[in-house]
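Observations on chain architecture
Here is what each chain is made of, one letter per residue.
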Amino acid sequence: MLKKVPNPIDRHVGSRVRMRRMLAGVSQEKLGDALGLTFQQVQKYEKGSNRISASRLQQIAKMLDVPVSFFFDGAPTGDMPTGGFSDAASSAYVSDFMSSSEGVQLTKAFVRIKSPKVRRRIVDLVESLAEEDAGNT
């Protein structure tokens, strides 16, 4: 029996819910309680394995203080070419990173740095480390 693969748009919307929830510092349990759901249901929404209804998405948007359209920013359109490089492919890894706890922690810490010079040095450091790591594989 074949495993059902989540729709790419459902996965995208779910990852945006996760990213916003984490940036807001809200746990899956707390969001679930506010929506009258279990944290497991919130997990399924965030993975895209369960679709979020329009009314539920509106509730989530209100709770996380974003417009509903936020969840569709950068969503796949279905009419993009399947091969080659595209903005959607590059935004997918950004979305995945921002949905991770490390991504949220790094982003929160980075935006607290006021000095543009220090920020630039951090970007240079990370790029240097990434190049070094790529050379070791």
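Residues numbered from 1 in each chain as written. Predicted model: local features only at pLDDT ≥ 70, side-chain atom pairs only at ≥ 80, totals over all residues. Heavy atoms only, no water.

1. Thoughts on the overall build of the protein chain
For the protein chain, the count of helices and strands is 7 helices and 0 strands. Reading the protein chain from its N end, one meets helices and strands in the order α-α-α-α-α-α-α. In the protein chain, which comprises 137 residues, the share counted as buried stands at 28%. Sequence separation of at least 24 residues holds for 59% of the intrachain contacts in the protein chain that already meet a minimum separation of 6. (Helix = DSSP H or I, 4+ residues; strand = E, 2+ residues; numbered from the N terminus. Buried < 20%, exposed > 50% of the residue type's maximum accessible area, 1.4 Å probe, protein only. Contact = heavy atoms within 4.5 Å.)

2. Considerations on helix α1 (residues 8–23)
A rise of 1.5 Å per residue sets the reference length of α1, with its 16 residues, at 22 Å; its end C-alpha atoms lie 22 Å apart and thus fit the reference within 8%. Residues of α1 that are buried: D10, H12, V13, G14, S15, R16, V17, M19, R20, R21 and M22. For α1, the N-terminal cap is N7; the gap from its side-chain oxygen to the backbone nitrogen of I9 is 2.7 Å. Two residues or fewer after α1 comes G25, characterised by a positive phi angle close to 75 degrees. (Expected span 1.5 Å × (residues − 1). Polar contact = N/O pair within 3.5 Å; in protein donor to acceptor, adjacent residues only side chain to side chain.)

3. Some remarks on a nonpolar patch on the surface
Judged by side-chain polarity, I9, V68 and F72 come together as a nonpolar surface patch covering roughly 220 Å² of accessible area. In this fold, F72 is placed in the loop between α4 (54–63) and α5 (87–98). Judged by relative accessible area, which is 39%, F72 ranks as partly exposed. (Patch = residues over 30% accessible without salt bridge, like charges linked within 9 Å, V, L, I, M, F, W, Y side chains within 5 Å. Areas by Shrake-Rupley, 256 points an atom, 1.4 Å probe, with all protein chains shown as cover. Salt bridge = Lys/Arg side-chain N within 4 Å of Asp/Glu carboxyl O.)

4. Here we look at the packing of aromatic side chains
What the rule picks out here adds up to 1 aromatic pair. Aromatic pair F70 and F71: ring centres 5.4 Å apart, planes at 80 degrees, arrangement edge-to-face. Exposure class is identical for F70 and F71. Each is buried. Sitting over the face of the ring of F70, R16 holds its NZ or CZ atom 4.0 Å from the ring centroid. (Phe/Tyr/Trp six-rings, centres within 6.5 Å; stacked < 30°, edge-to-face > 60°. Lys NZ or Arg CZ within 6 Å of the ring centre and 35° of its normal.)

5. Re the environment of K108
Within the fold, K108 resides in helix α6 (residues 101–111). Residues K108 and L23, 85 residues apart in the sequence, show an inter-C-alpha distance of 7.8 Å. Once you skip the residues sitting within four places of it in the chain, K108 turns out to touch M22, L23 and G25.

6. Topic: the packing of α1 against helix α3 (residues 39–47)
Running from N to C, α1 and α3 point in directions that differ by 120 degrees, and their axes come no closer than 6 Å. Put simply, α1 runs oblique to α3. Contacts from D10, R11, G14, S15, V17, R18 and R21 of α1 reach α3 at Y45, E46 and K47. Of the residues contributing to the contact of α1 with α3, the split by class is 2 nonpolar, 2 polar and 6 charged. (Axes fitted to C-alpha atoms, helices over the stretch in contact; angles between N-to-C directions. Parallel < 35°, antiparallel > 145°, perpendicular 65-115°, else oblique. Nonpolar A, V, L, I, M, F, W, Y, C, P; charged D, E, K, R; others polar.)

7. Regarding the confidence of the model for the protein chain
Low pLDDT marks regions whose predicted coordinates should not be analysed in detail. Overall, the predicted model of the protein chain reaches an average pLDDT of 84, with 85% of residues at or above 70. Across residues 80–86 the pLDDT falls below 50, and counting only partners more than four positions away or on other chains, this stretch makes 1 contact in the model. (pLDDT = per-residue confidence, 0-100.)

8. Overview of the nonpolar core
Ranked by internal contacts, the top residues of the largest apolar core, which has 18 residues, are V13, V17, L31, I52, L57, I60 and F71. Among the elements of the structure, α1, α2 (28–35), α3 and α4 are those that each provide at least two residues to this core. Setting aside residues no more than four positions away along its own chain, L31 makes contact with V17, R21, V26, V42 and M63. (Core = buried A, V, L, I, M, F, W, Y, C linked by side-chain atoms within 4.5 Å.)

9. A short note on the pattern of salt bridges
Tallied over the full model, the rule gives 6 salt bridges. The residue R51 makes a salt bridge to D10 at a minimum N-O spacing of 2.6 Å. Remark: D10 occurs in helix α1 and R51 occurs in the loop between α3 and α4; sequence separation between them is 41 residues. A salt bridge links E46 to R21; its shortest N-O distance comes to 2.5 Å. Here R21 lies in helix α1 and E46 lies in helix α3, a separation of 25 residues in the sequence. Both residues of the pair, E46 and R21, belong to the buried class.

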